[in-house]
Amino acid sequence: MESFGTVDGPGIRFVAFMQGCPLRCQFCHNPDTWNPQGDCQYELTPQQLLEEVMRYKSFIAKGGVTLSGGEPLMQPLFAREFLARCQSEGLHTAIDTSGAYCTPNALAVLDHTNLVLLDIKTMNPALYPVLTGARIENNLRFLDELQERGTDVWVRHVVVPGLTDDDHWLHELGRHVARYSVVKKIEILPYHTLGAYKYEQMHMAYPLQGVEPLSAARTQEIRQMLSAYKPTL
Ligand code: SF4
């Protein structure tokens, strides 16, 4: 849990990172969240988590609450009930998801979600499975579902040198999301190596060993390039 999050949606937010993820992104900096049965620090009911959130209500009144991960839609019943309780307290709600689940239960979470931070890992259908271990179809179908429901979206995109730092596919991302009125922003997230130590702690090989972080100058250039399609962050 993070009580003063400033990078997972608008304003100051309470962010809860949930355990479990079906993807295995090469650039993931939270591999400790992958295992649904992993080293949970907290096991809470929706009401217990809400009570934790309410301790910070005055700080997050103009921001809100974000469920992140891992993949929050891996625990859709919990997520739906928790976010419904947050909304009934007048809090703005967001989820950070890869869109890997298009199941009825996962989509029902959107009934109580004001904003979706949708990670689109790459628009390159050949690279997507290499990068994530999954197929691209659900990711894009999830965006269609959001458009149909009229749920606001910020698209998030991690740019990794040598993998997703590719003008052709970056423009493809811009062109694709430009067609969706629900997409309000594209957030460019420069690849960094801050999570590398976790792989070592978990006795796992770091998949992007030797890849340098994306420079601030290139990050800015990409934000400028994609601002032709949607406002960028
Ligand atoms: S979806 Fe997120 S948590 Fe899951 S592997 Fe990818 S980066 Fe990590």
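Structure first, text after, so check above.
A brief structural summary. Quantities reported herein were computed from a predicted structural model and do not represent experimental measurements. (Residues numbered from 1 in each chain as written. Predicted model: local features only at pLDDT ≥ 70, side-chain atom pairs only at ≥ 80, totals over all residues. Heavy atoms only, no water.)

### Some thoughts on the packing of aromatic side chains
At step 1: With the rule as written, the count across this model stands at six aromatic pairs.
At step 2: Look at Phe4 and Tyr56: their rings are 6.0 Å apart centre to centre, the planes differ by 80°, and that puts the pair in the edge-to-face class. Of the two residues, Phe4 is situated in strand S1 (residues 2-5) and Tyr56 in the loop between helix H1 (46-54) and helix H2 (57-60); the sequence distance between them amounts to 52 residues.
At step 3: By relative accessible area, which is 16% here, Tyr56 ends up buried.
At step 4: Centroid distance Phe14 to Tyr56: 5.9 Å. Interplanar angle 45°. Geometry classified as tilted. One end of the pair, Phe14, is in strand S2 (residues 13-17); the other, Tyr56, is in the loop between H1 and H2, with 42 residues separating them in the sequence. (Phe/Tyr/Trp six-rings, centres within 6.5 Å; stacked < 30°, edge-to-face > 60°. Helix = DSSP H or I, 4+ residues; strand = E, 2+ residues; numbered from the N terminus. Buried < 20%, exposed > 50% of the residue type's maximum accessible area, 1.4 Å probe, protein only.)

### Some thoughts on the side chain of Lys121
At step 1: Examined against the element boundaries, Lys121 turns out to sit in the loop between strand S5 (115-119) and helix H5 (127-132).
At step 2: No salt bridge forms around the buried Lys121; measuring N to O, its nearest opposite-charge neighbour Asp119 is 4.0 Å away.
At step 3: Those residues within four positions of Lys121 in sequence are excluded, and the remaining contacts are Leu23, Cys25, Phe27, Ser98, Tyr128, Leu131, Thr132, Asn139, His157, Val158 and Thr164. (Lys, Arg positive; Asp, Glu negative; His and termini not counted. Salt bridge = Lys/Arg side-chain N within 4 Å of Asp/Glu carboxyl O. Contact = heavy atoms within 4.5 Å.)

### Some points on the packing of helix H7 (residues 167-178) against helix H9 (residues 216-226)
At step 1: The N-to-C vectors of H7 and H9 enclose an angle of 40°; their axes lie 10 Å apart at closest approach. If you check the angle between H7 and H9, you find them oblique. As H7 runs across H9, the sense of the crossing is right-handed. From H7, Asp167, Leu170, His171, Leu173 and Gly174 reach across to H9, where they touch Arg218, Ile222, Met225 and Leu226.
At step 2: When its residues are assigned to classes, the contact of H7 with H9 shows five nonpolar, two polar and two charged. (Axes fitted to C-alpha atoms, helices over the stretch in contact; angles between N-to-C directions. Parallel < 35°, antiparallel > 145°, perpendicular 65-115°, else oblique. Left-handed = near helix turned anticlockwise from the far one by under 90°. Nonpolar A, V, L, I, M, F, W, Y, C, P; charged D, E, K, R; others polar.)

### So, the nonpolar core
At step 1: Residues Leu67, Phe82 and Phe142 are the most contacted members of the largest nonpolar core, which totals 63 residues.
At step 2: No other element matches the five residues that helix H3 (residues 76-88) contributes to this core.
At step 3: In contact with Leu67, other than residues within four places in its own chain, are Ala16, Met18, Leu49, Pro72, Ala79, Phe82, Leu83, Ala94, Ile95 and Asp96. (Core = buried A, V, L, I, M, F, W, Y, C linked by side-chain atoms within 4.5 Å.)

### Comments concerning the pattern of salt bridges
At step 1: Per the stated rule, a full pass over the model turns up 15 salt bridges.
At step 2: The partner of Arg156 in a salt bridge is Glu187, with the nearest N and O atoms 3.1 Å apart. Residue Arg156 is located in strand S6 (residues 152-159), and its partner Glu187 is located in strand S7 (residues 183-190); the two are separated by 31 residues in the primary sequence.
At step 3: Judged by relative accessible area, which is 10%, Glu187 ranks as buried.
At step 4: Among the salt bridges present, the one from Asp165 reaches Arg218, with a minimum N-O distance of 2.6 Å. Note that Asp165 is positioned in the loop between S6 and H7 and Arg218 in helix H9, a separation of 53 residues in sequence.

Geometric values such as these leave the question of function open.
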